[in-house]
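Each chain is listed here by its residues.
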Amino acid sequence: METLPQLKTRLAAAFPKARLEIVPNGSPGNPDSLWVDAASGLKVAGFLKNDAALQLDFLSNVTGLDWLDKTVTEKVRVKREFKGQEIEVDEILEKIVPGYLEVVYHFYSTPLRHGPLVLRMRTENRTDRTHLPSLVPLYRSAEFQEREIYDLYGVIFDGHPDLRRLLMWEGFADHPMRKDYCEPDDYEYEPTPHGALLEKARRHYPREAAHG
Amino acid sequence: MVDFAQPENAFKPGLPGAAEPACRVVPKYSDQGEREGDWLEISMGPQHPSTHGVFRMDLVLEGETVIRLKPVFGYLHRNHEKIAEQTTYLSSMPYTDRLDYFCSMTNNWAYALAVEKLAGLQVPERAEYIRIITAELTRLQNHACLMGFLMQDLGAMGTPLMYAFREREKILDLFEALSGARMMCNYMRFGGCRIDLPPGWLEQTRRLVADFPRFLDEFEALLTGNEIVMARLQGVGALSRELAINAGISGPMLRASGVNYDIRKVDQYGIYNRFEFRVPLGAHGDCYDRFMLRLLEMRESLRILEPALKDIPSGPIIDARAKLRNFKPRPGEAYGRIEAPKGELGFYLVSDGSANPYRYRVRPPSLINLTILEDLCLGQKVADVVIILGSVDIVLGEVDR
Amino acid sequence: MPGFGIIKGLKETARNFFGSYHDPGRFVTIQYPEEKREHHENYRSFPFLVYDGDPVKGLRCVSCKICEKECPPQCIYIVPEQDGSGKLLKFPRIFDIDVSVCMGCQICVEVCPFDSIKMDQEFEVSTADRFGGLILNRSKLAKSNEYYHQIRPAEATAVDAQLAAERERQQAKAAAAKSPAPAAAATREKKP
């Protein structure tokens, strides 16, 4: 298979509007990945599937990822007026980098037996703009996996034929795999004799917990 | 044809656990608006002997023909991935046993492989041999049981399943002698295996491998020529080659549809490149092909086991750089996959440099192989749904995670 | 000929049926409560604590809490003993294992640096008393080194040899530290 930079050049030529970026992988020996913007995601996936040199027809794995908002501190030199004269001072700026939800696709090719090609797409933020294109029109294997990501992360896949929760029940409100998910206080568990769980249990199951 | 866009016919997935009737009669109207008859909407499962666990299918039947099927998951969901993100890398290892609880050894291997890729660990020669031996033994017992269960679904009550379990028992005894547990082995470690083989284990395994063809012959004589088996399995639930690839089907199901794609051959993980074995392929992709393919795969597994048991070298069983406590791989990500008995089992790990994985994802072959369940079942009889599901080979511990 | 496959299969079941009366290879069932399977040495059920000599003072556990931290289902609970001044002693005051949560994965055994926790082979532990019977406290968990030798002779012997070697090394180190000790003490006294 061609290298990722080569592929990126080819993709950039084919889709001049697409925003492509190579995301380096810190772990040596493991492949880097290609980040493509949501708007051209479906087109790029179609290219990967139909291109004669790639023929990535097997979408093996679709993974959701949650990246929280990050606070980045930055030192900047600014000019300030101090006792009538202008001096330069260092100022520490705190910037909030908005988090996003990410979906990672692992493609393989069954006729050419190469892979994986790792493609990523990111949502704009974690709250209200969590739309990504669905790859189900191209790859049926994404059907349940995208439903699972919608269920556990809250990514909304536009174009998915049947976007319902997969593992949690209908009517469940939150997305449990998000990093800031707090489990409800009264979820079902067995009281244990020690620690925080017991305290919770005492509140909800006073009679059973008393035996501990 | 029923118009499911109409609100009264809309498909309403029920709440898991909610008290609702197991079946419902949906009136069927002709184009002129006259009532022609009824459809029957059946909730098959979650407590149903043929669903191999707590799995539910909402079926709509016309007479006995399936016109709609929606699988409903989540009855065994325990958020395995979230648990793994909250514990250390090592602590997730025993949880992987519980994914596909028939094949804990291959689950261990897939996870260990992903972590080894992430941390750059090398597996010693002897450990690679042990891994291949245990993985192929796992494949033997999984396929034997699957065929037993499939026959049970067909109505061959007991006999084939008991024969399969008799053989499985011997393999589980070997696992117990090796790892201490029959099903929840928790045997592999990052960079090798936990303990060395106990004395006499190889000899016992060699005897088992030598005896196993007798069981296969017996099984073949019992079932493959049986006219009832052929009538029930042939031509039922045919899966085309294109759909199989497109839907990400893997393992014996993919190969039964004629796609030559075995990860043992493609990735050559471990030391599979040293062994000669053939990849059986199906021609029709129906239930009979899936059944026969597993039988042939067991024979190929024996072909791997024989030289592996002969050539196994002595030496260390774990990478000296691997450590149990304070295991913190560099930030990065890795995807490790193996050919598990059910299909492609992959683990995708993202590390942020801490002791816990930032993201731990299991690619469950059982779940993804169910993608095409509706396509296979449409137009078939309701009794065939049971067989098709049986031939897909699912374990709910892995489907729901 | 239709039906031939069925007859062939029936021949196989008949062979198995009659074989189950005389072929020892087919005697696979045992009558459980009367007969019991012999377990292999590696067989594991739940953890126990090893002691040498005295069941309380001889516990090898130093309550370092590594097993508590590493336990996947978090079923271990340890509180270290304190002396009068509140200093933590290397000895567990409370050591509880909730065996209804424990999944017998053996990770506590592997991470223990002191070889103090090992896997038992007792498996008939069913009880109707959830909290009284299934939470094993320190006294229920403590089992002698002789018992350990009895259930896992090879492993216990290896562990004993390793511990003895460790002890010898410690003693040699202590002896080496003792001889230049007066000089070191003298230099320390000189400092203000």
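Residues numbered from 1 in each chain as written. Chains lettered and ligands numbered in written order. Predicted model: local features only at pLDDT ≥ 70, side-chain atom pairs only at ≥ 80, totals over all residues. Heavy atoms only, no water.

Each helix and strand counted, chain B has 15 helices and 11 strands in total. Taken against the 2.2 N^0.38 rule, which gives 21 Å for 401 residues, the C-alpha radius of gyration of chain B at 22 Å falls within 12% of a compact globule. Its C-alpha atoms put chain B at 80 × 50 × 35 Å along the principal axes. Counting over 401 residues, chain B shows a buried share of 65%. Sequence-distant contacts, at least 24 apart, represent 69% of the contacts inside chain B between residues at least 6 apart. Element-wise, carbon and sulfur atoms account for 53% of the exposed surface of chain B, whose accessible area totals about 13,400 Å². Charged side chains of chain B number 47 positive and 52 negative; the gap between the two group centres comes to 7 Å. (Helix = DSSP H or I, 4+ residues; strand = E, 2+ residues; numbered from the N terminus. Rg over C-alpha atoms; globule rule 2.2 N^0.38 Å. Buried < 20%, exposed > 50% of the residue type's maximum accessible area, 1.4 Å probe, protein only. Contact = heavy atoms within 4.5 Å. Areas by Shrake-Rupley, 256 points an atom, 1.4 Å probe, with all protein chains shown as cover. Lys, Arg positive; Asp, Glu negative; His and termini not counted. Charge placed at Lys NZ, Arg CZ, Asp CG, Glu CD.)

What follows is about helix α1 (residues 4-14) of chain A. Side chains of residues three or four places apart in an α-helix project in the same direction, reflecting 3.6 residues per turn. Residue and element names in this part refer to chain A. Among the residues of α1, Leu 4, Leu 7 and Leu 11 are the ones counted as buried. Seen along its axis, α1 keeps its buried residues to an arc of 60°; they face one direction. Set apart from the buried face of α1 by more than 90 degrees, the exposed residues are Pro 5, Thr 9 and Ala 13. (Arc of directions from axis to C-beta.)

Next up on the list: the side chain of Ser391(B). Residue and element names in this part refer to chain B. Of note, Ser 391 is situated in helix α14 (residues 382-392). A distance of 2.9 Å separates a polar atom in the side chain of Ser 391 from the backbone oxygen of Ile 388. When sequence neighbours within four positions are dropped, the list of residues in contact with Ser 391 reads Leu 150, Cys 287, Arg 290 and Arg 294. (Polar contact = N/O pair within 3.5 Å; in protein donor to acceptor, adjacent residues only side chain to side chain.)

Further remarks concern the pairing of strand β6 (residues 65-72) of chain B. All names here are of chain B. When you tally the buried positions in β6, you get seven out of eight residues, the bulk of the element. Bridging between strand β5 (residues 56-62) and β6 involves seven bridges; their strand directions are antiparallel. Note that in β6 the partner of Glu 62 across the bridge is Thr 65. (Pairing = 2+ DSSP bridges.)

This brings us to the interface of chain A and chain B. The interface of chain A with chain B comprises 49 residues on the first partner and 50 residues on the second. Interface area for chain A against chain B, summed over the two sides, is near 4,100 Å², with a carbon-plus-sulfur share of 53%. The largest contributions to the chain A side of the interface with chain B come from Arg113(A), Arg140(A) and Phe144(A), which together make up 17% of the buried area. Counting across the chain A and chain B interface gives five salt bridges. With a closest N to O distance of 2.8 Å, Arg401(B) and Glu148(A) form a salt bridge. Applying the counting criterion to the chain A and chain B interface returns 26 residue pairs in polar contact (both at pLDDT 80 or more). (Buried area = accessible area lost by both parts, 1.4 Å probe. Salt bridge = Lys/Arg side-chain N within 4 Å of Asp/Glu carboxyl O.)

Now for helix α3 (residues 142-153) of chain A. Residue and element names in this part refer to chain A. For α3, which comprises 12 residues, the first-to-last C-alpha distance of 15 Å matches the rise-based estimate of 16 Å (1.5 Å per residue) to within 8%. With 11 of 12 residues buried, α3 lies mostly within the body of the structure. For α3, the complete set of buried residues consists of Ala 142, Glu 143, Phe 144, Gln 145, Glu 146, Arg 147, Glu 148, Ile 149, Asp 151, Leu 152 and Tyr 153. Two residues or fewer past α3, Gly 154 is found with a positive phi of approximately 90°. (Expected span 1.5 Å × (residues − 1).)

Residue and element names in this part refer to chain C. Together, Phe 17, Phe 18 and Tyr 21 make up an exposed nonpolar region whose accessible area comes to about 400 Å². Of note, Phe 17 is situated in helix α1 (residues 4-22). Phe 17 gets classed as partly exposed once you look at its relative accessible area, which sits at 45%. (Patch = residues over 30% accessible without salt bridge, like charges linked within 9 Å, V, L, I, M, F, W, Y side chains within 5 Å.)

Attention now goes to unusual backbone geometry. Although it is not a glycine, Asp393(B) adopts a positive phi angle of roughly 70°. As for its position among the elements, Asp393(B) is in the loop between α14 and α15 (396-400).

Below, the discussion takes up the environment of Asp51(A). Residues and elements named next belong to chain A. Here Asp 51 lies in the loop between α2 (41-50) and β3 (58-67). Accessibility expressed as a relative area gives 14% for Asp 51, which makes it buried. Among the polar contacts made by the side chain of Asp 51, one reaches the side chain of Arg 10 at a distance of 3.0 Å.

Moving on, we come to the sheet that holds strand β10 (residues 343-351) of chain B. Residue and element names in this part refer to chain B. Judged by pairing direction, the sheet is antiparallel, and its three strands sit side by side in the order β9-β10-β11 without closing on themselves. The open sheet has two free edges, formed respectively by β9 (332-340) and β11 (359-363), since each of these has just one partner strand. Shown here is a sheet whose adjacent strand axes are inclined to one another by a mean of 10°, direction ignored. Where β10 lies against β11, five bridges are found, and the strand directions are antiparallel. If you follow Gly 346 over to β11, its bridge partner there is Arg 363. Docked against the sheet, helix α3 (residues 104-119) engages β9, β10 and β11, running at close to 150° with respect to β9. (Axes fitted to C-alpha atoms, helices over the stretch in contact; angles between N-to-C directions.)

A few words on the packing of helix α5 (residues 159-179) of chain B against helix α6 (residues 201-223) of chain B. Residues and elements named next belong to chain B. Put simply, α5 and α6 touch, their axes get as near as 11 Å, and they point 170° apart. Overall, the two elements α5 and α6 adopt an arrangement that is roughly antiparallel. Packed against α5, whose contacting residues are Pro 160, Tyr 163, Ala 164, Arg 166, Glu 167, Lys 170, Ile 171, Leu 174, Ala 177 and Leu 178, the element α6 presents Trp 201, Gln 204, Thr 205, Leu 208, Phe 212, Phe 215, Glu 218, Phe 219, Leu 222 and Leu 223 at the interface. Tallied by class, residues from the contact of α5 with α6 come to 14 nonpolar, two polar and four charged. (Parallel < 35°, antiparallel > 145°, perpendicular 65-115°, else oblique. Nonpolar A, V, L, I, M, F, W, Y, C, P; charged D, E, K, R; others polar.)

Glancing now at the pattern of salt bridges. Side-chain pairs of opposite charge can arise where the charged atoms are in close proximity. Per the stated rule, a full pass over the model turns up 60 salt bridges over all chains. Between Asp51(A) and Arg10(A) there is a salt bridge; the shortest N-O distance is 3.0 Å. One end of the pair, Asp51(A), is in the loop between α2 and β3; the other, Arg10(A), is in helix α1, and 41 residues separate them in sequence. Notably, a salt bridge pairs Asp393(B) with Lys342(B), separated by 3.7 Å at the nearest N-O pair. A residue pair is termed long-range when its members are at least 10 positions apart, and Asp393(B) in the loop between α14 and α15 and Lys342(B) in the loop between β9 and β10 qualify at 51 residues. Here the two residues Asp393(B) and Lys342(B) agree in accessibility, since each one is buried. Connected through salt bridges with shared partners, the residues Glu148(A), Lys179(A), Glu81(B), Glu85(B), Arg359(B), Arg361(B) and Arg401(B) form a single ionic network.

This next bit is on the sheet that holds strand β6 (residues 142-144) of chain C. Residues and elements named next belong to chain C. Strands sit in the order β4-β1-β6 across an open sheet of three strands; the sheet is mixed. Looking at which strands have only one partner, the edges of the open sheet turn out to be β4 (117-119) and β6. The average angle at which neighbouring strand axes cross in this sheet is 55°, direction not considered. Note that strand β1 (residues 47-51) and β6 share three bridges and pair parallel. Its bridge partner being in β6, Tyr 51 is matched across the sheet by Ser 144.

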